[in-house]
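An overview of the molecular structure
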Amino acid sequence: MNIESSLQQTIGQAFKELFGAELPLQDINLQATRKDFEGSHTFVTFPFAKLSKKNPQETARLIGEYLQQHTQLVSAFNVVQGFLNLTIADSAWLQVFADIVTQADFGFYASNGQKVMVEYSSPNTNKPLHLGHLRNNFLGYSVAEILKANGYDVIKTNLVNDRGIHICKSMLAYQKFGNGETPETSGMKGDHLIGKYYVLFDKAYKQEIDALKAQGMAEEEAKKTAPLMQEAQQMLVKWEEGDKETVELWQRLNTWVYTGFAQTYTRMGVDFDKMYYESNVYLLGKDIVEEGLAKGVFFKKENGSVWIDLSAEGLDEKLVLRADGTSVYITQDLGTADIKYKDFGMEKSIYVVGNEQDYHFNVLFTILKKLGKPYADGLYHLSYGMVDLPTGRMKSREGTVVDADDLMEEMVQTATARSQELGKIEEFSEEGARVLYEMLGIGALKYFLLKVDPKKRMLFNPDEAIELHGHTATFIQYTHARISTILRKADLMDVKREVNIQKLQPAEKDVIALLATFPDRVKEAGRDYAPSVISQYAYDLAKEYNRFFAEVSIFNADTAEETAFRVVLSEQVGKTIRKAMSLLGISVPERM
RNA sequence: GGUUCCGUAGCUCAGCUGGAUAGAGCAACUGCCUUCUAAGCAGUAGGUCUUUGGUUCGAAUCCAAACGGAAUCACCA
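Everything numeric here is computed off the predicted structure, so don't read it as measured data.

A few points about the environment of Gly 423
With respect to the element layout, Gly 423 can be found in the loop between α16 (404–422) and α17 (430–450). The spatial distance from the C-alpha of Gly 423 to the C-alpha of Met 592 is 9.8 Å, given a sequence separation of 169 residues.

Encoded structure:
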């Protein structure tokens, strides 16, 4: 049973019978009643005063009376100005709850037969992952889970940026300064080892630039002519020519990086259905350039370079192929978009990429639309803000980043220390405790990054540990553990899982009302690609449950029926918390 | 300079498809553990929702402008 739609219908009838007016159902909006007033649903009558030809207050009163007479749902109402506050009968709430309990997949939607691709992570193989990547990965994974819950068939992909001048920088520095060092001999994770050489390159390169500038060369000129940069560029040419030695070095170093990434991904709890590598796709897109020229969407300049004029769209002229016939970034993205569609034929494609590339994706999507690609309308750039440090922006080259592995480890350590301090882990095995610390530490980190609107850039202060109290994953996990304890006790006492009561406490009503909104929140999160909708919901639900927990006694209830009901209610909250958190990629413990 | 995004409590953020006295968390202060997990609950205090104008019965929410911050506008990726 759905209280809202049922109320909408009856209100529609009321308009017809009381005022002789037709009111489309979608115009009948119900909102949650403010806490200070009696009731749970509010109907605002101001906009309909003309329709009813009565003042808002009178309109509200008449509709209230009509509802009370014509539906079992409404047990009482009150009118404040043009606000009609409705109190829903306990029997209706119990019916709603009974419906929820019978649905094993409550809140999740059946398959809609549509495919959607979520591309996220997209790391460079010349350095380890950092805090910004964590936001990207958690977002991408969560959005994929949310879309699955909305009935989509989801393909998670990762386009690895494994070639280019930046990779050559690491390779060159390794060749020059590495002395044959390996992850084994250095004891470093492969990605960190390569990242070390990326930073080394930058240091040595800067020294060369400074030296050249000291000789009187201009900065721009120095940057171009510095021997290290020249060498890196030569290396890129050799790589593109397929030079055996260069390709072997590239493969060896990349293998180390992938081994390191695999560990990081595992700990982050993210995965992919399909990997794409730039080394395979960077030559793609030239056929699309031909296609665009043939269709007259692109044009060629005298020097042979190919362009598109997007000034009518408020964008500039944009290069799509260099004069020498080689690709630029967007050429490859055009080709990759095509390949991905050929591989999967998805209706929608979500690119989880930082907002620094807003312009690029605007251009990319506009071009694909102009080319009349069948998939063009389903493209979406999930643009998220950068994570800044108090000192400013993170820069890998300068080593001023919060490393992903370090941060995860630190969070787990914090969770460990906090758990031990609270001394609640006596009954845990060593392995069980380890799993718990991991769950709490990583969970807190994910929640911290996912609870914020993706669009907003966020500040991260490494000196302030991420909280484990208040609006955090820990609080929600704690609530789940609490519920689990209730359920274990209920099993020991052989409490039947049945609902056989007539009256509800206010706290119980509030919990049921919140539970009932879960499917809507899942839909909203899917529509807006917004994990923050789910994180907020999980928090609200946990908060509401804790209020209930403090206000009513479960095992010392007046009657056995009440105890049984409260156990079932607790169980349902526990399940819903678990589901909501799973959409964020966060696990919840049975005890903590 | 053009374009896009952001500006809500001391701090971090919700709310933004227009509705009542703008909500959480942290930090500060006060209560609540001999009964289901106090990683909790209840409460106090903290706001000209950047500013100005407009639309509206009604604006934090929509529109316009200004101010402040960020990103971007490469034959880089």
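Moving on, there is more to tell.
Quick look at the pairing of strand β6 (residues 153–160)
Of all eight residues that make up β6, seven are buried, and the element is covered over most of its length. As defined by bridge partners, strand β5 (residues 115–119) adjoins β6 across five bridges and the pair is classed as parallel. Across the sheet, the residue bridging to Val 116 is Val 154, located in β6. Chirality of the crossover, the property in question, places the unit of β5, helix α5 (residues 131–149) and β6 among those that are right-handed. As paired strands, β6 and strand β7 (residues 274–277) are joined by four bridges and run parallel to one another. Bridging across to β7, Val 160 finds its partner in Tyr 277.

Concerning the protein's contact with RNA strand B
If you check the shell around RNA strand B, you find 62 residues, and the closest are Arg 34, Asn 303, Arg 322, Lys 424 and Tyr 478. Atoms of RNA strand B within 4 Å of the protein belong to the sugar or the phosphate in 62% of instances, the rest to bases. The contact in question runs from a phosphate oxygen of RNA strand B to an N or O atom on the side chain of Lys 543, over 3.1 Å. In the model, a base nitrogen of RNA strand B is placed 2.9 Å from a nitrogen or oxygen of the Met 592 main chain. Within the residue set of the surface near RNA strand B, elements represented by two or more residues are β2 (41–44), β4 (83–88), α16, β14 (458–459), α18 (473–492) and α21 (531–551). Element by element, the count of residues in the surface near RNA strand B is highest for α18, at eight residues. The residue inventory of the surface near RNA strand B, partitioned by class, reads 27 nonpolar, 17 polar and 18 charged.

A closer look at the side chain of Ser 570
With respect to the secondary-structure elements, Ser 570 resides in helix α22 (residues 560–583). Leave out the neighbours within four places in its chain, and Ser 570 touches Ile 483, Ile 486, Tyr 545, Phe 548 and Ile 554.

A few points about the side chain of Thr 59
Looking at the element boundaries, Thr 59 is found in helix α3 (residues 56–70). Judged by relative accessible area, which is 0%, Thr 59 ranks as buried.

A closer look at helix α11 (residues 244–268)
Here α11 spans 35 Å end to end across 25 residues, near enough to the 36 Å set by a 1.5 Å rise per residue. Downstream of α11 by one or two residues, Gly 269 has phi in the positive range, about 80°.

What about the sheet that holds strand β11 (residues 348–354)?
Whether parallel or antiparallel, the strands of a sheet pair through hydrogen bonds between backbone atoms. The five strands lie next to each other as β7-β6-β5-β11-β12, forming an open sheet whose pairing is parallel. The open sheet terminates on both sides in strands that have one partner only, identified here as β7 and β12 (379–384). Between one strand axis and the next, the sheet turns by 25° as a mean value, whatever way the strands run. As defined by bridge partners, β5 adjoins β11 across four bridges and the pair is classed as parallel. By the bridge assignment for β11, Glu 119 is matched with Tyr 351. The strands touched by α5 within the sheet are β5, β6, β11 and β12, with β6 carrying the most contacts at an inclination of about 160°. Packed on one face of the sheet, helix α15 (residues 358–370) meets β11 and β12 and runs near 175° to β12.

Let's talk about the packing of aromatic side chains
Summed over all chains, the structure comprises 27 aromatic pairs. Considering the side-chain rings of Phe 108 and Phe 518, the 6.4 Å spacing of their centres and the 40° angle between planes classify their relative orientation as tilted. Taken as a pair, Phe 108 in the loop between α4 (90–102) and β5 and Phe 518 in helix α20 (residues 518–528) lie far apart in primary sequence, 410 residues in all. Look at Phe 108 and you get partly exposed, because its relative accessible area is 29%. Seen in terms of ring centroids, Trp 239 and Trp 250 are 5.2 Å apart; in terms of plane orientation they differ by 70°. Their pairing is edge-to-face. Note that Trp 239 is positioned in helix α10 (residues 227–241) and Trp 250 in helix α11, a separation of eleven residues in sequence. Trp 250 carries the same exposure label as Trp 239, and that label is buried.

What to know about the sheet that holds strand β9 (residues 306–309)
The sheet built from three strands is open, its strands ordered β8-β9-β10 with antiparallel pairing. Every other strand in the sheet has two partners, leaving β8 (299–300) and β10 (317–321) as the edge strands with one partner each. Bridge count for β9 against β10 is four bridges, and the pairing is antiparallel. Bridging across to β10, Asp 309 finds its partner in Glu 317. In the packing of helix α13 (residues 286–295) onto the sheet, contacts are made with β8, β9 and β10, and the angle to β10 comes to roughly 125°.

Considering the UniProt feature "domain: Arginyl tRNA synthetase N-terminal" (unreviewed entry) in chain A
UniProt annotation of "domain: Arginyl tRNA synthetase N-terminal" (unreviewed entry) refers to residues 5–88 when read in the numbering used here. Here residues 5–88 runs as 40% helix and 24% strand, with 13 Å between its end C-alpha atoms.

Points about α13
Turning to α13, its buried residues are Ile 288, Val 289 and Gly 292. The arc that holds every buried residue of α13, seen down its axis, measures 105°, which confines them to one face. With respect to the buried face of α13, the exposed residues turned more than 90 degrees away are Glu 290 and Ala 294. Structurally, α13 contributes buried residues whose contacts are with β9, β10 and α14 (329–344). Just downstream of α13 lies Gly 296, where phi reads positive at about 75°.

Cut-offs and rules
Residues numbered from 1 in each chain as written. Chains lettered and ligands numbered in written order. Predicted model: local features only at pLDDT ≥ 70, side-chain atom pairs only at ≥ 80, totals over all residues. Heavy atoms only, no water. Helix = DSSP H or I, 4+ residues; strand = E, 2+ residues; numbered from the N terminus. Buried < 20%, exposed > 50% of the residue type's maximum accessible area, 1.4 Å probe, protein only. Pairing = 2+ DSSP bridges. Right-handed = clockwise from strand over helix to strand, strands pointing away. Near = heavy atom within 4 Å. Polar contact = N/O pair within 3.5 Å; in protein donor to acceptor, adjacent residues only side chain to side chain. Nonpolar A, V, L, I, M, F, W, Y, C, P; charged D, E, K, R; others polar. Contact = heavy atoms within 4.5 Å. Expected span 1.5 Å × (residues − 1). Axes fitted to C-alpha atoms, helices over the stretch in contact; angles between N-to-C directions. Phe/Tyr/Trp six-rings, centres within 6.5 Å; stacked < 30°, edge-to-face > 60°. UniProt positions renumbered as here; feature names shortened; annotations may be inferred. Arc of directions from axis to C-beta.

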